[in-house]
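Analysis of the macromolecular model
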Amino acid sequence: MASEDVVGKSTGESAVTTIVNLAEEAKLAREGVKAPGYAVVSICKSLVAGGVAGGVSRTAVAPLERLKILLQVQNPHSIQYNGTIQGLKYIWKSEGLRGLFRGNGTNCARIVPNSAVKFFSYEQASSGILWLYRQQSGNEEAQLTPVLRLGAGACAGIIAMSATYPMDMVRGRITVQTEKSPYQYRGMFHALGTVYREEGFRALYKGWLPSVIGVIPYVGLNFAVYESLKDWLIKSNPYGLVEDSELSVVTRLGCGAVAGTVGQTVAYPLDVIRRRMQMVGWKDAASVVTGQGRSSAPLEYTGMVDAFRKTVHHEGFGALYKGLVPNLVKVVPSIAIAFVTYEVVKDLLEVEMRISD
């Protein structure tokens, strides 16, 4: 499980890993498990499980993910996508099945390392925070509070997002281009090279600031709500949901769905601003952004605050929540599948390790 199931391994071989190792040993001591030697395989286990979880969850909801971005950035004077059902039908009619999954390859190429780093970073951050919390409180039985979990989740999200942000930036552009776009990115690497040559290195990080700010409530609340809700269910056992001190897959799916809904709703306006900032400077922008030559609202933003101001001024406050409905429809199964896939894959890897030993 995202934090409880991790089995830490420490020997104090390196000063860099001392805090993490001690934190994991403290956690294992609480659980009555002897900590084995720290090994690279434990790191790989978290990375692989997180990567698989991210790839599976995003592919499952790829059509909704693309529609969300199209609704976020489409020109308000040339509406092509007007709602979830109409938008999906329009994509199917105009671009076919391939159109529903446009940009998914780039998204998976980004989300696999992003998710892997995020889950691994969360486990390491939560272990380190727990160790520090126990040291300061003097209580070796202390547990992570929702606030501490939120902090660990936020740290994990910022690290993962920053490491893969250029891929996310070009993924947004690839996702909104259609067959009628004046210039076609042929793939992720072609898009990265083109943006770098034509707009400079800084362009690859357009929208990074609102992304960092948005990561704190989004990822932080995801982990905090998921872990706290799971702990509450295990302790209170309402409706007999707990069997052998474990929650069923269906119950964990429900926990993940609630966590994803809360986190995404709070952070959504920042996501809209991030996407719009990523479109700035795109001289051969897709027609959905330019409005096919029709009168359009200003697309140039001097920064995050300016983007907020112009969006609300020209389109109203509701523009900050464009695409929220398909996003909530998407994020509920996506986050739920990601959490459960992560735990299942990690459990399978642990079984394989025991068999090989």
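See above for the structure.
The structure contained in this document is the topic of the report that follows. The model shown is predicted, which means the values in this text are computed figures rather than measured ones. (Residues numbered from 1 in each chain as written. Predicted model: local features only at pLDDT ≥ 70, side-chain atom pairs only at ≥ 80, totals over all residues. Heavy atoms only, no water.)

**Re the overall build of the protein chain**
Put simply, the rule reads: Only DSSP runs of H or I reaching four residues or more are called helices, and only runs of E reaching two or more are called strands; each is numbered from the N terminus. Remark: exposure states derive from per-residue accessible area (1.4 Å probe, protein chains only) relative to the maximum for the residue type, with buried under 20%, exposed over 50%, and partly exposed in between. Contact criterion: two residues are considered in contact whenever any of their non-hydrogen atoms come within 4.5 Å of each other. Here, Shrake-Rupley sampling with a 1.4 Å probe gives the accessible areas, and only protein chains in the shown set may cover a residue.
Per the secondary structure count, the protein chain includes 12 helices and 2 strands. Mapped from its N terminus to its C terminus, the protein chain presents α and β elements in the order α-α-α-α-α-α-α-α-β-β-α-α-α-α. By residue count, 54% of the 357 residues in the protein chain fall in the buried class. Within the protein chain, counting contacts between residues at least 6 apart in sequence, those at least 24 apart form 78% of the total. Counting every atom, the protein chain has about 15,900 Å² of accessible surface; 64% of that belongs to carbon and sulfur.

**What about the side chain of aspartate 168?**
Put simply, the rule reads: Pairs of N or O atoms are called polar contacts if they sit within 3.5 Å, as long as, within protein, a hydrogen donor faces a hydrogen acceptor (for residues adjacent in sequence, only side-chain-to-side-chain pairs).
With respect to the helices and strands, aspartate 168 occurs in helix α6 (residues 146–176). At a separation of 3.5 Å, a polar atom in the side chain of aspartate 168 contacts the side chain of arginine 110. In this structure the side chain of aspartate 168 is engaged in a polar contact, spanning 3.2 Å, whose partner is the side chain of arginine 275. Not counting residues up to four positions away in its chain, the partners in contact with aspartate 168 are Arg110, Arg274, Arg275 and Gln278.

**Some remarks on the packing of α6 against helix α9 (residues 249–279)**
Quick reminder of the rule: Lines fitted to C-alpha atoms define the axes, with helix axes restricted to the stretch in contact, and inter-axis angles between N-to-C directions lie between 0 and 180 degrees. Each angle gets one of four labels, with under 35 degrees taken as roughly parallel, over 145 as roughly antiparallel, 65 to 115 as roughly perpendicular, and the rest as oblique. When residues are sorted by character, Ala, Val, Leu, Ile, Met, Phe, Trp, Tyr, Cys and Pro go into the nonpolar class, Asp, Glu, Lys and Arg into the charged class, and all the rest, Gly among them, into the polar class.
Between α6 and α9, the least distance of the axes is 10 Å, while the angle of their chain directions is 80 degrees. Classified by the interaxial angle, the pair formed by α6 and α9 is roughly perpendicular. Between α6 and α9, the contacting residues are Tyr165, Asp168, Met169, Arg171, Gly172, Arg173 and Val176 on the first element and Arg274, Arg275, Gln278 and Met279 on the second. Residues of the contact of α6 with α9, tallied by class, amount to 4 nonpolar, 2 polar and 5 charged.

**Examining a negative patch on the surface**
Filter applied, for reference: Patch membership needs two things, relative accessible area over 30% and no salt bridge, and members are linked within 9 Å if like-charged or within 5 Å if nonpolar (Val, Leu, Ile, Met, Phe, Trp, Tyr). Each salt bridge in this description consists of a side-chain nitrogen of Lys or Arg and a carboxyl oxygen of Asp or Glu lying within 4 Å of one another. Charge assignment in this entry is limited to Lys and Arg as positive and Asp and Glu as negative, and neither His nor the chain termini are counted. The atoms used to mark charge sites are NZ of Lys, CZ of Arg, CG of Asp and CD of Glu.
A surface patch of like charges, here negative, comprises Glu243, Asp244, Glu246 and Asp347. Inspection of the secondary structure puts glutamate 243 in strand β1 (residues 242–243). When its relative accessible area of 59% is taken as the criterion, glutamate 243 is described as exposed.

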